[in-house]
Amino acid sequence: MFTIAEVIRLLTRIFVKQNRRFPKGLEGVDIRLKAKKIYDVGKSRGYEGRISENQLKQFLAWEKQALVTKEVSKDI
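Residues numbered from 1 in each chain as written. Predicted model: local features only at pLDDT ≥ 70, side-chain atom pairs only at ≥ 80, totals over all residues. Heavy atoms only, no water.

(A) Geometry of the side chain of glutamate 53. Position of glutamate 53 relative to the elements: it lies in helix H3 (residues 53-65). Taking relative accessible area as the criterion, glutamate 53 reaches 14% and is therefore assigned buried. The contact partners of glutamate 53, leaving out residues within four places of it in the chain, are Leu10, Arg13, Ile14 and Lys17. (Helix = DSSP H or I, 4+ residues; strand = E, 2+ residues; numbered from the N terminus. Buried < 20%, exposed > 50% of the residue type's maximum accessible area, 1.4 Å probe, protein only. Contact = heavy atoms within 4.5 Å.)

(B) A look at the environment of lysine 37. Here lysine 37 shows up in helix H2 (residues 26-44). Residue lysine 37 is classed as partly exposed on the basis of its relative accessible area, which comes to 45%. Distance in space between the C-alpha atoms of lysine 37 and isoleucine 4 is 9.3 Å, their sequence separation being 33 residues.

(C) Local environment of the packing of helix H1 (residues 4-19) against H2. Running from N to C, H1 and H2 cross one another at 130 degrees; their axes reach a closest spacing of 9 Å. On the basis of their axis angle, the class for H1 and H2 is oblique. Taken as a pair, H1 and H2 cross one another with a handedness that is right-handed. Of the residues in H2, those in contact with Ile4, Val7, Ile8, Leu11, Thr12 and Phe15 of H1 are Glu27, Ile31, Arg32, Lys34, Ala35, Lys36, Ile38 and Tyr39. Here the contact of H1 with H2 is composed, by residue class, of nine nonpolar, one polar and four charged. (Axes fitted to C-alpha atoms, helices over the stretch in contact; angles between N-to-C directions. Parallel < 35°, antiparallel > 145°, perpendicular 65-115°, else oblique. Left-handed = near helix turned anticlockwise from the far one by under 90°. Nonpolar A, V, L, I, M, F, W, Y, C, P; charged D, E, K, R; others polar.)

Put into structure tokens, the structure is as follows:
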């Protein structure tokens, strides 16, 4: 089973390749929250293997494609 530290390392590597700089401030916190979420999902589903950079890239691409729904107040 992969660890949270491995996921953070891989997400940081992906971020640096995309933005050509090291994550600062809230970007670093965002990476840690995503790593925790990925780790929790893998653990809850009983995933026993390693995690690769390609798997994380696919997950991030899927996350961007997810539909964002906005709720509109009916009072308007």
